[in-house]
Amino acid sequence: MGSDPLYVGKLHSDVDKGDGSIKYILSGEGASSIFIIDENTGDIHATKRLDREEQAYYTLRAQALDRLTNKPVEPESEFVIKIQDINDNEPKFLDGPYTAGVPEMSPVGVIKTALPNMDREAKDQYLLVIQAKDMVGQNGGLSGTTSVTVTLTDVNDNPPRFPRRSYQYNVPESLPVASVVARIKAADADIGANAEMEYKIVDGDGLGIFKISVDKDTQEGIITIQKDLDFEAKTSYTLRIEAANKDADPRFLSLGPFSDTTTVKIIVEDVDEPPVFSSPLYPMEVSEATQVGNIIGTVAAHDPDSSNSPVRYSIDRNTDLERYFNIDANSGVITTAKSLDRETNAVHNITVLAMESQNPSQVGRGYVAITILDINDNAPEFAMDYETTVCENAQPGQVIQKISAVDKDEPSNGHQFYFSLTTDATNNHNFSLKDNKDNTASILTRRNGFRRQEQSVYYLPIFIVDSGSPSLSSTNTLTIRVCDCDADGIAQTCNAEAYVLPAGLSTGALIAILACVLTLLVLILLIVTMRRRKKEPLIFDEERDIRENIVRYDDEGGGEEDTEAFDMAALRNLNVIRDTKTRRDVTPEIQFLSRPTFKSIPDNVIFREFIWERLKEADVDPCAPPYDSLQTYAFEGNGSVAESLSSLDSISSNSDQNYDYLSDWGPRFKRLADMYGTGQESLYS
């Protein structure tokens, strides 16, 4: 237990004479780390604290060696060191701290309670400290502690109780069915399943109007409406509601009834309601032959409020888009506004609106189903478009077609049709008709020897009469084609023209001819298109040409110092060769390679030549029609090689420039001629 080595035992060899010639060595578990041996005396000591609970035995091997030769003088011997136990571990609770549950109101038993009738609602948890001692509690023993939390579990020992003896709620009479009117809750000190409630209406005058159910999450009683409320009929209801535990514990029934009751009064509030129709649906019938303006039926609605406001009627035109019907706004009488046709629409479902005169926002809706009664106003006709054929080798009396008829009308006793040939066709020698008395008829041949070359198509008029009152009839024409048939009477070809086609012209030849014709048409179309393109005028749409527009900018240039606005080099050096300037508005097809040089000549000649040069360019360029273009050259300041180009300055300085030649250039230059030609002195005087 201390810090000094503990003597364990001693090893000694019979060969050892005590002269120091023998040394002892130790090996095995814990040798050198826990156990050491004095090599001269053989004494064994433990250098560390030993714990029996970790390791109870150590197996070691000892040997005596000759100190000079280091050879064993005896065989190696093995011995075991056993660790003796001492009370150095206190008792421990393996699974602490502990929790336990004891039902409240439990009787005294193996687990004893210090207090009788322990109530969970008063205190639901207790903390206990448990101590354990070893050595049977004798002195010198060790001890350990743990905590035990004892929780009182709930039992159903508390009845439900309403906080109030009565409740009152106000609800509007317009509240829809199944809406929640109120929520009430009885208090129960118990928890979980012991606090589950059941509510029921045990008395009152609203047993059939209201019902109560339980909210399983909150244990509240939810009162809802089962029928519509009507303030004018009844203004209030009284309900007596009972709340009880769902599962009562028989052990605690002696504490009192586990239920409670309360009174709920429901006040119905008056609401301005829309008019109500006397019937949710008005079925009506009218003949499709009825005249416009005839009465079909009447609807009635009233204001359910005590004010009993007058009601005005109208038809929702979204349900009567064609405006077949009208309604009298005051009486509710429905009349026809258009002629009716059962075959177009057999039933009209319209919505009638009834609104209060004093409050037009209150609108009630009634529904009217108007059934159109049928009259016999449609003549019968063929049931389908028949494709009738007769073989060239047909025999007399052979049935070649069976026909039937349809009628858009629907008589109550069903259809009965009668078939016959018209008067003109009765005496024909080709075909006859047999009425089968079952709304069908058969077409028969009267002769044989039909030939397509003589007549390929026959038209047979058939007269059909229905059984209506009055009966209607129609004449339908049956088209019969003469065909070449096989032995089974199946038509092979009915084309009379095909019979006389030239034998030498095959299908391949016809296709080749058509291909040639199409090729010629394509070539002609291409030639016409190319010619039209060549004849298109070169002059562009003047309205779309931006050069015809005059744009005025209220700013001044920088004069001679402004080198970015205009290139003045050409004006300063008049002797340079002027390269051809490409037009920016068109793409020229002819490029001018060189220009003649201009020598120093008088100013007016220079400008005249300059303008003539531009005019010639436009005349010889086929892609550049001569548009009017106004170019302004101005010079301000002194020392310019070109001197001033201002027209105003030239007039004031008695310049000898003469622009009368502009009048010879035609109407396009008339404005320039007026500005710079004869008479300019009067313009600026």
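The structure reproduced in this document is the subject of the present report. Treat the numbers as computed from the prediction; the structure is a model and nothing was measured.

1. Notes on the overall build of the protein
Scanning the protein for helices and strands turns up 7 helices and 34 strands. Split into buried and exposed, the 685 residues of the protein put 31% on the buried side. Of the accessible surface of the protein, which amounts to about 44,800 Å², a share of 52% is contributed by carbon and sulfur atoms.

2. Let's talk about the environment of N359
Within the secondary structure, N359 sits in the loop between β24 (347–356) and β25 (363–373). With a relative accessible area of 24%, N359 lands in the partly exposed category. Along the backbone, N359 and V311 are 48 residues apart, and their C-alpha atoms lie at a distance of 9.8 Å. Side chain to side chain, N359 and S361 meet in a polar contact 2.6 Å long.

3. With respect to the packing of aromatic side chains
By the definition in use, this model includes 13 aromatic pairs. Between the aromatic rings of Y167 and Y169, the centroid separation amounts to 6.5 Å while the plane-to-plane angle is 10°, which identifies the pairing as stacked. Plain terms: the ring middles of F277 and Y313 are 6.5 Å apart, the flat faces sit at 55° to each other, and that makes the pair tilted. Here the residue F277 occupies a position in strand β17 (residues 276–277), and Y313 occupies one in strand β21 (residues 311–315), the gap between them amounting to 36 residues. Here F277 falls in the buried class, since its relative accessible area comes to 10%. One aromatic cluster is present, formed by F277, Y282 and Y313 through successive ring pairs. Cation over ring: K234 sits above Y237, and NZ or CZ is 5.4 Å from the ring centre. Above the face of the Y324 ring, K338 is positioned so that its terminal group lies 5.9 Å from the ring centre.

4. Description of the state of the cysteines
According to the stated counting rule, one finds 2 disulfides in the structure shown. Disulfide pairing is shown between C391 and C485; the S-S distance is 2.0 Å. Note on the C391 and C485 pair: the S-S dihedral is about -90°, so by sign convention the disulfide is left-handed. Of this pair, C391 sits in strand β27 (residues 388–391) while C485 sits in strand β33 (residues 473–485), and the two are 94 residues apart along the sequence. For the pair C391 and C485, a shared accessibility class is recorded, and that class is buried.

5. Things to note about the pairing of strand β5 (residues 57–66)
Pairing of strand β2 (residues 22–28) with β5 involves 7 bridges; the strand directions are antiparallel. Looking across to β5, one finds that I22 is bridged to D66.

6. Focus on the environment of V286
Looking at the element boundaries, V286 is found in strand β18 (residues 281–287). As a C-alpha pair, V286 and R342 span 56 residues in sequence and 10.0 Å in three-dimensional space. Filtering out sequence-adjacent residues up to four positions away, V286 remains in contact with I296, L340, I370, T371, I372 and L373.

7. Overview of the pattern of salt bridges
Any two side chains of opposite charge can pair if their charged atoms end up close together. Counted by the stated rule, this structure contains 14 salt bridges. Taking the shortest distance from any N to any O, the salt bridge between R52 and E53 comes out at 3.0 Å. A residue is classified by how much of its surface remains accessible, and E53, at 38% relative accessible area, is partly exposed. Between E392 and R452 there is a salt bridge, with the nearest N and O atoms lying 3.5 Å from each other. Linking E392 in the loop between β27 and β28 (399–406) with R452 in the loop between β31 (440–445) and β32 (457–465), this pair joins segments that are 60 residues apart in sequence. Overlapping salt bridges, with partners in common, bring together R342, E343, D374 and E410 in one network.

8. What about the sheet that holds β5?
Ordered in space as β2-β5-β6, the 3 strands form an open sheet in which the pairing is antiparallel. Of all strands in the sheet, those with a lone pairing partner are β2 and β6 (77–82), marking the two edges. Between one strand and the next, the sheet's axes are offset by a mean angle of 30°, whatever the strand orientation.

9. So, unusual backbone geometry
With an omega of -5°, the peptide bond between S469 and P470 qualifies as cis. Summarising the element assignment, P470 is placed in the loop between β32 and β33. In this structure, Q219 takes a positive phi of about 60° despite not being glycine. One can find Q219 in the loop between β13 (210–215) and β14 (220–225). Owing to a relative accessible area of 15%, Q219 belongs among the buried residues under this scheme. At K437, a residue that is not glycine, the phi angle is positive and equals roughly 65°. Position of K437 among the secondary structure elements: in the loop between β30 (431–435) and β31.

Quick notes on the rules
- Residues numbered from 1 in each chain as written.
- Predicted model: local features only at pLDDT ≥ 70, side-chain atom pairs only at ≥ 80, totals over all residues.
- Heavy atoms only, no water.
- Helix = DSSP H or I, 4+ residues; strand = E, 2+ residues; numbered from the N terminus.
- Buried < 20%, exposed > 50% of the residue type's maximum accessible area, 1.4 Å probe, protein only.
- Areas by Shrake-Rupley, 256 points an atom, 1.4 Å probe, with all protein chains shown as cover.
- Polar contact = N/O pair within 3.5 Å; in protein donor to acceptor, adjacent residues only side chain to side chain.
- Phe/Tyr/Trp six-rings, centres within 6.5 Å; stacked < 30°, edge-to-face > 60°.
- Lys NZ or Arg CZ within 6 Å of the ring centre and 35° of its normal.
- Disulfide = S-S within 2.5 Å.
- Pairing = 2+ DSSP bridges.
- Contact = heavy atoms within 4.5 Å.
- Salt bridge = Lys/Arg side-chain N within 4 Å of Asp/Glu carboxyl O.
- Axes fitted to C-alpha atoms, helices over the stretch in contact; angles between N-to-C directions.

No statement about biological role is implied by the geometric values presented.
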